[in-house]
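Take a look at the letters that make up each chain.
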Amino acid sequence: MPNLLVMSFEGLLSPSFTLYQTDAEGRPDGWGVGYYGHGEESATVFKETTPPHGERRPVYAPGVEQLASSQFMVQVRRARWGSADRLANTQPFLRSFRGRDWLFAHAGSLEHRIEVAGERLFEPVGSTDSELLFCELLNHVAERRWRNLGYADFALMHQWFSGFNDYGTLSAVLSDGRDLVVYADRHNPLPMWTLAPPHGALSFRGRHLEVDLAARGVKAQRGIIIASDPLEVGEDCTAQATRVEPGTLLVIREGAIRHQVTPAPAPPSTKGEIAAPTVVVRGRLMDRPRKAPVRTFEVLHETIYRYERPVEHSTHMLRLTPCHDRLQRLLDHRIAITTECRERVFEDVFGNSVRKLLVETPFAEMRITARSTVRVLDTDPLSYRPLHARTTIPLDWMPWQRHMLMPYLLPPELPETQLLELIEYARGFARRNDDDLLDTLLDINATIFSDYEYLQGTTSLSTTAWEVYERRRGVCQDFSNLFICLARLLGVPARYVCGYVYTGPKGEEHPQSEASHAWVQVYLPEVGWKGFDPTNGILTQTDHVRVAVGRNYIDATPTSGTIYVGGGGETLHAEVRVEPLPGLEEAELEDERCSKTIIVLGSRASSSDLDPKAASGPAEASIATPLESGLKPEQQAQQAAQSVSESDPTKP
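Computed from a predicted structure; not experimentally measured. (Residues numbered from 1 in each chain as written. Predicted model: local features only at pLDDT ≥ 70, side-chain atom pairs only at ≥ 80, totals over all residues. Heavy atoms only, no water.)

Draft legend 1. Broad picture of the overall build of the chain. Helices and strands together make up the secondary structure of the chain, namely 12 helices and 33 strands. Across the 652 residues of the chain, 50% fall into the buried class. Long-range pairs, those at least 24 residues apart, make up 74% of the contacts in the chain with a sequence separation of at least 6. (Helix = DSSP H or I, 4+ residues; strand = E, 2+ residues; numbered from the N terminus. Buried < 20%, exposed > 50% of the residue type's maximum accessible area, 1.4 Å probe, protein only. Contact = heavy atoms within 4.5 Å.)

Shown next as structure tokens:
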């Protein structure tokens, strides 16, 4: 079987290929390399005949910079059909269609030639079964007017490959420069390796082919390598070996699998009927969240500072009061401080409730205990989506909007070389998702969750987004900083969020259990701020309690301070408990109803349409929200409880 190798990477890579002949018996008849210029629809194919016995010959001379692409296709040929010495019969094959070049390579051999009746738009130049397959695939694409593989029905394409597989062994790859379609023969799996940084040695060797991915340097990017035959992997190579199951079709873009079509057992057919083939199509693994219930939590956040010597004069800033808005209700909040102090409460420029303490009484220990009762209403963060079928990157902002959002659009100050690579990394997500805003953000969120290791003690408050990108490990703060950096480099406003997350009694399914937590909010046009939690790979809903927001951690840190006199060695102990409050289902449903906006369209709308009492009956109480009533949260909670009890005669 000929050797076939295909590679797809997140960004540009300049590998070196060395092709050689070791024995006369297994002498290949030629080989070829095809690749696309980065961001271009045109492909370059290099072909040559076999070298003499024992000679090692590089495909390109060392140092040639043109060999840089995110996609490569290599095939080492042994002829079964057609002349062995013609370059026209050497793969990969190239054809131009719909303003782009298409590449195709085939590993295997058909036992019977495909018979084609009549004239076709695409016809082979050489005499191989592989080129005939390629032409027939393009004829099918042309008949359906697909401009590129982004328009393709991959379940239908799987049927095409499966039909050709009836003629013999067929493992093949098809590319339009953006997407790479890989089909594994129904009887033979294909070895596959996934690459994830940080990279070690990246060398692979087959019978006639040696590939060194790091020959000209390699960036912190991921990729996928698929071969028709097993390859020897270098000792220090960090690639993870898997395989493409027989009969499976993969669609790969920018080093990530976008779609997967696998054969499924055919359903039983009745007598005289032929059951249609069944396939299972899986798209990108970026789940949209299901609607969550409204939840009420009781949060305890205790912080204890201890010093070797008494502190005589200090100031402290506390951001421990949860946010209160249409998606989160603060029902009760209390703070207890063991040290005598003077305090002032104000709202900072980011809208956070801040408590400033001035302590002039000596203390060796300060205990700050915050207790809050919070109801979270963000049940369906993507409910807006039907109104916005597609929002693309780059976003367009009015001048005054950009002015207001500027603090959330400026990326962190990093060396220009680091920012340039991070820009390319961020743009790779956009390219992979056809510049769709939401899909790009979901991809970033899912990638950080899957490709980066949650490891405490490996970073500090000074760790930069570049260092997280390079090391691929960190904690919630680091992952949030990287997400914010990437979003801002794409022109999407993003801000840092401090708060709490509840993941169940023990939190075994997530790396971050109930604790003080950090995540990200991005501003979507005509939608508002939406939360993304890259540490857990989810969108924030009713398990996340927001406390403070800002440009970065400094703007939203829960506690900070300055010691002017005294102090010495400091130890810090923090404890967070987040517990759901049972038995509040009725109040939560009522709160969710009150948080909704009623819109009545049509000329017959009357004032009764806007009255909740008219719709639900006289027995239902109307409870004003805190924003409507002007009352404090704890007063509003008391009023709500009283109104509900008065409206229900069955309650004492």
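Back to the write-up after that little detour.
Draft legend 2. Seen up close, helix 5 (residues 437-451). Taking 1.5 Å per residue, 15 residues should reach 21 Å; helix 5 reaches 21 Å between its end C-alpha atoms and fits that length. With a side-chain oxygen lying 3.3 Å from the backbone nitrogen of Leu438, the N-terminal cap of helix 5 falls on Asp436. (Expected span 1.5 Å × (residues − 1). Polar contact = N/O pair within 3.5 Å; in protein donor to acceptor, adjacent residues only side chain to side chain.)

Draft legend 3. Inspection of the packing of aromatic side chains at higher detail. Here the structure, examined in full by the defined rule, presents 20 aromatic pairs. A network of ring pairs unites the aromatic residues Trp397, Tyr408, Tyr523 and Trp529 as a single cluster. Here the basic side chain of Arg495 rests over the ring of Trp529, its NZ or CZ set 4.1 Å away from the ring centre. (Phe/Tyr/Trp six-rings, centres within 6.5 Å; stacked < 30°, edge-to-face > 60°. Lys NZ or Arg CZ within 6 Å of the ring centre and 35° of its normal.)

Draft legend 4. Broad picture of helix 2 (residues 154-165). Helix length check: helix 2, at 12 residues, gives a terminal C-alpha distance of 16 Å against a target of 16 Å (1.5 Å per residue), a fit within 8%. For helix 2, every residue scored as buried is listed here: Phe154, Ala155, Met157, His158, Trp160, Phe161, Phe164 and Asn165. Two or three places before Ala155, at the opening of helix 2, Asp153 has a side-chain oxygen 3.2 Å from that residue's backbone nitrogen.

Draft legend 5. Highlighting the nonpolar core. Among the nonpolar cores identified, the biggest contains 75 residues, and Leu422, Leu482, Phe483 and Val522 are the most heavily contacted of them. Sequence-distant contacts of Leu422, defined by excluding residues within four places in its chain, comprise Leu414, Trp466, Tyr469, Leu482, Cys485, Leu486 and Leu489. Among the nonpolar cores identified, the runner-up in size contains 31 residues, and Leu137, Ala152, Leu174 and Val251 belong to it. (Core = buried A, V, L, I, M, F, W, Y, C linked by side-chain atoms within 4.5 Å.)

Draft legend 6. Summary view of the confidence of the model for the chain. Confidence in the prediction of the chain, expressed as mean pLDDT, is 80, and 76% of residues score 70 or more. The low-confidence segment residues 269-277, where pLDDT is below 50, has 5 contacts with residues more than four positions distant or belonging to other chains. Segment residues 597-652: pLDDT under 50, and 46 contacts once partners within four positions in sequence are set aside and those in other chains are kept. (pLDDT = per-residue confidence, 0-100.)

Draft legend 7. Structural view of the pairing of strand 31 (residues 544-550). When you tally the buried positions in strand 31, you get 7 out of 7 residues, the bulk of the element. Looking at chain direction, strand 27 (residues 494-501) and strand 31 are connected through 6 bridges and run antiparallel. Note on strand 31: the bridge partner recorded for Tyr496 is Gly550. (Pairing = 2+ DSSP bridges.)

Draft legend 8. Layout of the pattern of salt bridges. Summed over all chains, the structure comprises 31 salt bridges. A salt bridge links Arg258 to Asp434, with the nearest nitrogen and oxygen atoms 3.9 Å apart. Remark: Asp434 occurs in the loop between helix 4 (416-432) and helix 5 and Arg258 occurs in strand 18 (residues 256-264); sequence separation between them is 176 residues. In this structure, Glu575 engages Arg577 in a salt bridge whose closest nitrogen and oxygen atoms are separated by 3.0 Å. Among the ionic contacts, a cluster of salt bridges with common partners joins Glu10, Arg222, Arg432, Asp443 and Asp451. (Salt bridge = Lys/Arg side-chain N within 4 Å of Asp/Glu carboxyl O.)

Draft legend 9. Focus on the side chain of Thr540. Position of Thr540 among the secondary structure elements: in the loop between strand 30 (538-539) and strand 31. For Thr540, a relative accessible area of 6% corresponds to the buried category. Once you skip the residues sitting within four places of it in the chain, Thr540 turns out to touch Asp378, Pro381, Trp519, Gly531, Phe532 and Asp533.

Draft legend 10. Inspection of the packing of helix 4 against helix 7 (residues 476-489) at higher detail. Taken N-terminus to C-terminus, the directions of helix 4 and helix 7 make an angle of 80°; their axes are 9 Å apart at the nearest point. As summarised for this structure, helix 4 and helix 7 are arranged roughly perpendicular, according to the angle between their axes. On helix 7, the residues that touch Leu419, Leu422, Ile423, Tyr425, Ala426 and Phe429 of helix 4 are Leu482, Cys485, Leu486 and Leu489. Looking at the contact of helix 4 with helix 7 residue by residue, the class counts come to 10 nonpolar, no polar and no charged. (Axes fitted to C-alpha atoms, helices over the stretch in contact; angles between N-to-C directions. Parallel < 35°, antiparallel > 145°, perpendicular 65-115°, else oblique. Nonpolar A, V, L, I, M, F, W, Y, C, P; charged D, E, K, R; others polar.)

Draft legend 11. Representation of the pairing of strand 3 (residues 30-36). Across the 7 residues of strand 3, 7 count as buried, placing the element largely inside the fold. Covered by surrounding structure in strand 3 are Gly30, Gly32, Gly34 and Tyr36 together with Trp31, Val33 and Tyr35, the residues of both alternating faces. Pairing of strand 3 with strand 4 (residues 43-48) involves 6 bridges; the strand directions are antiparallel. From the neighbouring strand, Gly34 faces strand 4, where its bridge partner is Val45.

Draft legend 12. How the structure looks around the environment of Cys485. Structurally, Cys485 is set in helix 7. Look past the residues within four positions of Cys485 in its chain and what remains in contact with it is Pro412, Leu422 and Ala465.

Draft legend 13. Fine view of unusual backbone geometry. Residue Pro92 is reached from Gln91 by a cis peptide bond, and omega for that bond is 0°. Tracing the backbone through its elements, the reader meets Pro92 in the loop between strand 6 (69-77) and strand 7 (93-97). Residue Ile393 is joined to Pro394 through a cis peptide bond whose omega torsion reads 5°. On the secondary structure map, Pro394 appears in the loop between strand 24 (363-376) and helix 3 (399-405). Here Arg145, not a glycine, exhibits a phi torsion of approximately 60°, which is positive. Relative to the helices and strands, Arg145 is located in the loop between helix 1 (129-143) and helix 2. The exposure class assigned to Arg145 is exposed, which follows from its relative accessible area of 64%. Although it is not a glycine, Glu526 adopts a positive phi angle of roughly 60°. Relative to the helices and strands, Glu526 is located in the loop between strand 28 (515-524) and strand 29 (528-533).

Draft legend 14. The packing of helix 5 against helix 7, seen in detail. Contact geometry of helix 5 with helix 7 gives a least axis separation of 11 Å together with a crossing angle of 150°. Taken as axis vectors, helix 5 and helix 7 run roughly antiparallel relative to one another. When the axes of helix 5 and helix 7 are compared, the crossing they make is right-handed. The segment helix 5 lies against helix 7, with Leu441, Ile444, Asn445 and Ile448 engaging Phe479, Leu482, Phe483 and Leu486. (Left-handed = near helix turned anticlockwise from the far one by under 90°.)

Draft legend 15. The arrangement of the environment of Pro381 in detail. Turning to its location among the elements, Pro381 is positioned in the loop between strand 24 and helix 3. The class for Pro381 is buried, based on a relative accessible area of 1%. A sequence separation of 146 residues divides Pro381 from Val527, and the C-alpha atoms of the two residues are 9.9 Å apart. Setting aside residues no more than four positions away along its own chain, Pro381 makes contact with Pro289, Lys530, Leu539, Thr540 and Gln541.

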